[in-house]
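These are the residues of each chain, in order.
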Amino acid sequence: MVPESHESQQAYIWPREKMSRFLETLDEEGDADKLHAVDRREDLVEAIRKFDPAVNGNVDQLMDQLSLYRREAQRKQQWTKESEKSWPRRIWEKAIGAIKAHPYITTGLVLGAGGAALYYTGWGAVLVEKIKAWLLSFLPQLRVPQIPIPHIPTPTLPTLPTPPVVPSLPPLPTVPNPANLPPLVPPLNP
Amino acid sequence: MKPLYLTDDELKVFEALPPKLKEGWDVESEKGGVLETDEEIRMRAFQANFHRYPAFKPFLEELVQGAKPDAAALAKLPVEAVQELFFVIGARGVHTLIGGLMHEVKNDEDVSLLAFLTQVRRTMLSINTSTVSSH
């Protein structure tokens, strides 16, 4: 049984193929910097609306997701390259063989990734509960320590300079009510 | 031989291992880096191509139905699928696996696996750090 979808908790996102296609279009048009350049935000909004007129009020969320999608795709590309360069196939096979001796690792690896993948199918909630239950059953015997890993905070961009204050203009003179104005032409004396 | 990259706390656990297991290994300090956010992990899962690996789907479905994780099933997956699994759990996930494995090390093969996982974590942290969010 598939549990209720978590769609309401998820950020608005296009299907994967559509995300890729849109980003490819930006690349082909040499417009990839639209994703990051603050001054090109309006151009990006326009491109999104042109690509998918049904996007309506979800543009802001979608822009964040597109940026995230692009970054993680780049990281994945680097990871694939690095993992092939750093560890020959036989090392991977040896590692997989060694992992078999450690059910905890299989559990963490497969359920971690699988659970994350199923998040998008609505099955995530079921697996999250299972992962918790399994981890709790493993924890007492493994005494998994809470080892803090040093975390280098993400550098924040410098604050943009405050724009100069526009001097306030003096109040406009009050225009007299035309009804109270003296007549331009004095009445003719009969 | 590539070294083990251990955090200060991990190093303490490693130092307590029998000398025979530590023999021949170089240990370098894991200085840390940028860990993945929840959103980044979810995006990796969103992008994952698990459907390309026929062995993966029934395995997950069995888990959802309540089956115990079967370590042998992992061996049925191609190397590319395992590389993808590692990418999805990220340095955060690998860090947790290392934390568990540290207390299970019993032979040279386990130390080799530990070294491998610390190298995977190092590589992932390095990739994350070189492509941090501009938000």
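Model, not experiment: these values are computed from the prediction. (Residues numbered from 1 in each chain as written. Chains lettered and ligands numbered in written order. Predicted model: local features only at pLDDT ≥ 70, side-chain atom pairs only at ≥ 80, totals over all residues.)

Here we come to the overall build of chain A. The secondary structure content of chain A amounts to six helices and zero strands. The N-to-C order of helical and strand elements in chain A reads α-α-α-α-α-α. Taking all 190 residues of chain A together, the buried fraction comes to 23%. Within chain A, residue pairs in contact and separated by at least 24 positions form 55% of the contacts whose partners lie at least 6 positions apart. (Helix = DSSP H or I, 4+ residues; strand = E, 2+ residues; numbered from the N terminus. Buried ≥ 20, exposed ≤ 12 C-beta atoms within 10 Å, placed from the backbone. Contact = placed C-beta atoms within 7 Å.)

We now examine the overall build of chain B. Each helix and strand counted, chain B has seven helices and two strands in total. Written out in order from the N terminus, the α and β elements of chain B read β-α-α-β-α-α-α-α-α. The burial tally for chain B puts 44% of its 135 residues in the buried class. Within chain B, residue pairs in contact and separated by at least 24 positions form 67% of the contacts whose partners lie at least 6 positions apart.

Here R49 of chain A is to be found in helix α2 (residues 41–51). Sequence-wise, R49 of chain A and G108 of chain A are 59 residues apart; in three dimensions their C-alpha atoms are separated by 40 Å.

A few words now on the environment of D60 of chain A. All names here are of chain A. Within the secondary structure, D60 sits in helix α3 (residues 59–86). Assessed through the 12 C-beta atoms surrounding it within 10 Å, D60 is described here as exposed. As a C-alpha pair, D60 and R49 span eleven residues in sequence and 12 Å in three-dimensional space.

The tendency in soluble globular proteins is for nonpolar side chains to be buried side by side. Residues L85, V94, L101, L113, L114 and L117 of chain B are the most contacted members of the largest nonpolar core, which totals 51 residues. Of all the secondary-structure elements, those providing two or more residues to this core are α3, α4 (89–99) and α5 (103–118) of chain A together with β1 (4–6), α3 (38–47), α6 (79–101) and α7 (108–130) of chain B. Considering every element that reaches this core, the biggest residue donor is α6 of chain B, with twelve residues. Sequence-distant contacts of V94 of chain B, that is, excluding residues within four places in its chain, are made with F86, I89, L117, V120, R121 and M124 of chain B. (Core = buried A, V, L, I, M, F, W, Y, C linked by C-beta atoms within 7 Å.)

The next point concerns α3 of chain B. With seven of ten residues buried, α3 of chain B is to be regarded as a mostly interior element. Buried within α3 of chain B are the following residues: I41, R42, M43, R44, A45, F46 and Q47 of chain B.

For any two helices packed against each other, the geometry comes down to the angle between their axes and how far apart the axes lie. Where α4 of chain A contacts α7 of chain B, the axes come no closer than 10 Å and their chain directions differ by 120 degrees. When the axes of α4 of chain A and α7 of chain B are compared, the pair comes out oblique. The handedness of the crossing between α4 of chain A and α7 of chain B is left-handed. Within the contact between the two elements, α4 of chain A uses A95, A98 and I99 of chain A and α7 of chain B uses E109, S112, L113 and F116 of chain B. Residues that form the contact of α4 of chain A with α7 of chain B fall into these classes: five nonpolar, one polar and one charged. (Axes fitted to C-alpha atoms, helices over the stretch in contact; angles between N-to-C directions. Parallel < 35°, antiparallel > 145°, perpendicular 65-115°, else oblique. Left-handed = near helix turned anticlockwise from the far one by under 90°. Nonpolar A, V, L, I, M, F, W, Y, C, P; charged D, E, K, R; others polar.)

Quick look at the environment of W14 of chain A now. Within the secondary structure layout, W14 of chain A lies in the segment before α1 (16–28). In this structure, the C-alpha to C-alpha distance between W14 of chain A and E82 of chain A, residues 68 residues apart in sequence, is 29 Å.

Positive phi, normally seen in glycine, also occurs at N56 of chain A, with a value near 50 degrees. Examined against the element boundaries, N56 of chain A turns out to sit in the loop between α2 and α3.

Residues and elements named next belong to chain A. Averaged over all residues, the pLDDT of chain A is 70; the fraction at 70 or higher stands at 49%. For chain A, the element scoring lowest by mean pLDDT is helix α6 (residues 124–142), at 50; α3 scores highest, at 92. When the criterion is pLDDT under 50, residues 1–8 qualifies, and its contacts beyond four places in sequence or with other chains add up to twelve contacts. This stretch, residues 138–149, has a pLDDT under 50; its non-local contacts, to residues over four places away or in other chains, come to 19 contacts. (pLDDT = per-residue confidence, 0-100.)

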